[in-house]
Every structure is written in C-alpha cells, then in structure tokens.
Amino acid sequence: MRIGLFLPAAQFPGQSHAEVLARTVEAAVEAERAGFDGVWFAEHHFMSYGVCPSAVTLAAYVLGRTSRITVGTAVSVLSNQHPVALAEQAALLDQVGRGRFRLGVGRGGPWVDLEVFGTGLARYESGFAESLDLLLAALTEERVAGTATFPFREVPVVPRPLTGPPVVVACTSAATAELAARRGLPMLLGMHAADEDKRAMVEHYARYGPARPGHLAAGVAHVADTRAEAQRALRTAMPRWLGPGLAGYVPVDGRPRRPRDPEEYAALLCRIHPVGTAEDCVATLTATAERTGVDHFVLMADGTGDPVLTRENIRRLGAEVLPRLRG
C-alpha cells in the first residue's frame, strides 16, 4: 500500500497566505522524514479553500526541498491553461526532479477561473478530452501539432521528459472515468467518495481500461489516542475552513449552486476516512483497499489547520500507521 499526503493549502480563519503556504511546505518536508511515499498539491483560484494557484510551481519548490519523496499535482486544472504549456512544465520537472514528479490533471469546474483566464466555459463542458490528448501527445512524442481548439504549426517538444511523468486524471463522473480508462490513465478519486462510490467508479473504469492501473484516492487522516479525540479535532476545525472555502466556488455563468453544509461534510469525512486511533486508521485504509481495489491513498493530514498539530499528526501517522500498512 502506498500512502502520500494531500496538501490543498487550506486557509483557516485568521491565517495569512504566508502562514498557510509555510505550513504546507513544512508538512511536505515532514512527510519525507516520516516515511510517506509522496506529497500532492492542489490548484485553486480566488478562494480560501486553497491558496495555491499553481500546483506545478509549488511542486517545483518542494522537489528542491526534498530528496526522496515523489511530488505531484492533485490536480492541475487543464481547463484553465494550454495543455502544451502544462506538458512543458511537467517535462521540465521530470528532468530536474530526476523522475520524482507526478502530474495529476482534472477538468475543474464551471467557475469564474474560466472567465479570468479567457479559456471559456466550453473548455470545461466539452473540451477536456481534446486538451488531455494534446497534453499526452506533448509528453510522449518528439514533435506536436495543433488541434481544432489549439491551432498551431508542428513544433519540437523541448525539453523531452526524462521518464515520462505518470499522468493521473481526477474523476468524479462515469464519463471521465471512461475517458481515463480508454487512455490507460489511473484515476484520482475525490475526498467525498465513500467506499461504495469508489468501487462503482473502479468497476466502471474496468469495462474500458487496464485491470490494475494504479488508481489513487484522496482522503483525510488524523490519529489520536482515542477515536473521539481524533474526530472531535477535525469536526471542530474543518468547518471553519470548509464554510468560507466552499463558498468561494463562483459559477462563471450564474448557474444555481448549493454548497455542501460544512459541518455535515466534516462529519462525513471523519466517518469514511482514517480518523481515530492508529488501529482505527489501519483498519479503515485496509478495509477501503479490500472493498475498492484502490491501494494508493493521498491523505490530508493538516485538517486542523494548526502547524504544530499537523507536524504531530504526520509524525504519528508515519510511526504508528504506515509501517503496519506496508508490513
């Protein structure tokens, strides 16, 4: 079983952007010390849900601060940017990171980002497959030519990737799962997905793609001396982030949107993910792997927003949970 950290750079009330980013980088460095397999950064724009607007940039910095751990994006939003530009950045990090970089991509949502960056709603609604195929072409071929949406003359790809950074696709719908499967790319399943949802997505994927592609699943993790203590810590802290954070998703076209209730969502996350004693965490991850076939998890370990508690949580997960999942 592989276990990494998911670091969305969540801004809790009263924290400056500098404090959030410092906590995020510190958590990544601590993850390497604690024995985690990887760290994964999220891209968000114009909101406190996450204050990292470029997961690739933050990944580059952390590659320089670490020596062993893999560093990935979970995810870079393909609808907001030119796929060849993203492929160039991924190839560069694959080279200078000596194969430690991983690229996760997703459609994103119908948010105001599409207006700000000038890519438009169609890139989100119908353009993801074309963007993904162009990205993959730029990562696997020596030369790349334009498409209908991205018209340009054929050009050489410089630099070429060192190893060809593994690409994963964030999947929240059956259609995206099928698209990823037909290209042989593993899925990244979201924090909101319970085991039955993960299993359904994996089964749908299997109808169109490889049998064991190495899917990932995001979640939260918090270890304490008792289950009640661990759940109380997250159910107290996370709604303070989730409330204003989720409200930051603004549809570009004014479509109605009903945000999740932050307290109910925090309770759900505590219920379906490894939150409790070390024994609880091991049991939850083991059961999820058995039920779903997913055995690579990326876990948000800074759900309290407190840098001291985050370091302690990462250390305890590394010392008390990880060895028992790998033994």
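Just so it is clear, the model here is predicted, and its values are computed rather than measured.

**Thoughts on the overall build of the chain**
- Helices and strands together make up the secondary structure of the chain, namely twelve helices and 13 strands.
- For the chain, the C-alpha radius of gyration of 19 Å lies close to 20 Å, the compact-globule estimate for 327 residues.
- Across its three principal directions, the C-alpha atoms of the chain cover 60 × 45 × 40 Å.
- Each of the 327 residues in the chain was classed as buried or not, and the buried ones make up 56%.
- Within the chain, residue pairs in contact and separated by at least 24 positions form 74% of the contacts whose partners lie at least 6 positions apart.
- With 34 positive and 35 negative side-chain charges, the chain shows a separation of 2 Å between the mean positions of the two kinds.

**Quick word on the UniProt feature "domain: Luciferase-like" (unreviewed entry) in the chain**
- In this numbering, the UniProt entry assigns the feature "domain: Luciferase-like" (unreviewed entry) to residues 1–296.
- Annotated as residues 1–296, this span is 45% helix and 15% strand, and its ends, taken at the C-alpha atoms, are 6 Å apart.

**Examining unusual backbone geometry**
- In this structure, the amide linkage connecting A74 to the following residue, V75, adopts the cis form with an omega of 5°.
- With respect to the secondary-structure elements, V75 resides in the loop between β3 (70–73) and β4 (76–77).
- Looking along the chain, the bond that leaves V158 and enters P159 is cis, with omega of 0°.
- Looking at the secondary structure, you find P159 in the loop between β7 (155–156) and β8 (167–171).
- A positive phi angle is found at A9, which is not glycine, with a value near 60°.
- Within the secondary structure, A9 is located in the loop between β1 (2–7) and α1 (17–34).
- One non-glycine residue, R98, lies in positive phi territory at about 55°.
- One can find R98 in the loop between α3 (83–96) and β5 (101–106).

**Focus on the pattern of salt bridges**
- Within this structure, the stated rule accounts for 16 salt bridges.
- The salt bridge involving E30 is made with R33; its shortest N-O contact spans 2.8 Å. With a gap of three residues between them, E30 and R33 both fall in helix α1, about one helical turn apart.
- The exposed category is assigned to R33, whose relative accessible area is 61%.
- Taken together, the shared-partner salt bridges in this structure form one network comprising E30, R33 and R315.

**Observations concerning a nonpolar patch on the surface**
- On the surface, a cluster of nonpolar side chains totalling about 290 Å² of accessible area is made up of F46, V116 and F117.
- Mapped onto the fold, F117 is located in the loop between α4 (113–116) and α5 (121–125).

**So, the packing of α3 against helix α6 (residues 128–140)**
- Between α3 and α6, the shortest axis-to-axis distance is 8 Å and the interhelical angle comes to 40°. The handedness of the crossing between α3 and α6 comes out as right-handed. Between α3, through P83, V84, L86, A87, A90 and A91, and α6, the contact on the second element is made entirely by S131, L134, L135, A138 and L139.
- Among the residues making up the contact of α3 with α6, the classes are represented as ten nonpolar, one polar and no charged.

**Considering the packing of aromatic side chains**
- Following the criterion strictly, the structure yields five aromatic pairs and no others.
- Seen from their ring centres, W111 and Y249 are 5.0 Å apart, and the 50° between their planes marks the pair as tilted. Separated by 138 residues along the polypeptide, W111 in the loop between β5 and α4 and Y249 in the loop between α9 (227–247) and α10 (262–272) bring together distant segments of the chain.
- Following the ring pairs from residue to residue traces out a cluster consisting of F12, Y49, W111, W241 and Y249.
- One residue, R107, lies across the ring of Y124, its end atom 4.3 Å from the ring centre.
- The ring centre of Y265 lies 4.4 Å from the NZ or CZ of R260, which sits over that ring.

**Points about the side chain of D113**
- Position of D113 relative to the elements: it lies in helix α4.
- At 11 Å, R257 is the nearest oppositely charged side chain to D113, a buried residue that forms no salt bridge.
- Beyond its immediate stretch of four places on either side in the chain, D113 contacts H45, F46 and N80.

**As for the nonpolar core**
- F36, V39, F41, L103, V105 and L132 are the most contacted members of the largest nonpolar core, which totals 74 residues.
- No other element matches the eight residues that α6 contributes to this core.
- With residues up to four places along the chain from it excluded, the contact list for V105 reads V75, S76, L86, F128, L132, L135, V167, V168, V169 and A170.
- If you look at the next biggest cluster of nonpolar residues, it comprises 35 residues, including F12, M191, M238 and V298.

The rules behind the values
Residues numbered from 1 in each chain as written. Predicted model: local features only at pLDDT ≥ 70, side-chain atom pairs only at ≥ 80, totals over all residues. Heavy atoms only, no water. Helix = DSSP H or I, 4+ residues; strand = E, 2+ residues; numbered from the N terminus. Rg over C-alpha atoms; globule rule 2.2 N^0.38 Å. Buried < 20%, exposed > 50% of the residue type's maximum accessible area, 1.4 Å probe, protein only. Contact = heavy atoms within 4.5 Å. Lys, Arg positive; Asp, Glu negative; His and termini not counted. Charge placed at Lys NZ, Arg CZ, Asp CG, Glu CD. UniProt positions renumbered as here; feature names shortened; annotations may be inferred. Salt bridge = Lys/Arg side-chain N within 4 Å of Asp/Glu carboxyl O. Patch = residues over 30% accessible without salt bridge, like charges linked within 9 Å, V, L, I, M, F, W, Y side chains within 5 Å. Areas by Shrake-Rupley, 256 points an atom, 1.4 Å probe, with all protein chains shown as cover. Axes fitted to C-alpha atoms, helices over the stretch in contact; angles between N-to-C directions. Left-handed = near helix turned anticlockwise from the far one by under 90°. Nonpolar A, V, L, I, M, F, W, Y, C, P; charged D, E, K, R; others polar. Phe/Tyr/Trp six-rings, centres within 6.5 Å; stacked < 30°, edge-to-face > 60°. Lys NZ or Arg CZ within 6 Å of the ring centre and 35° of its normal. Core = buried A, V, L, I, M, F, W, Y, C linked by side-chain atoms within 4.5 Å.

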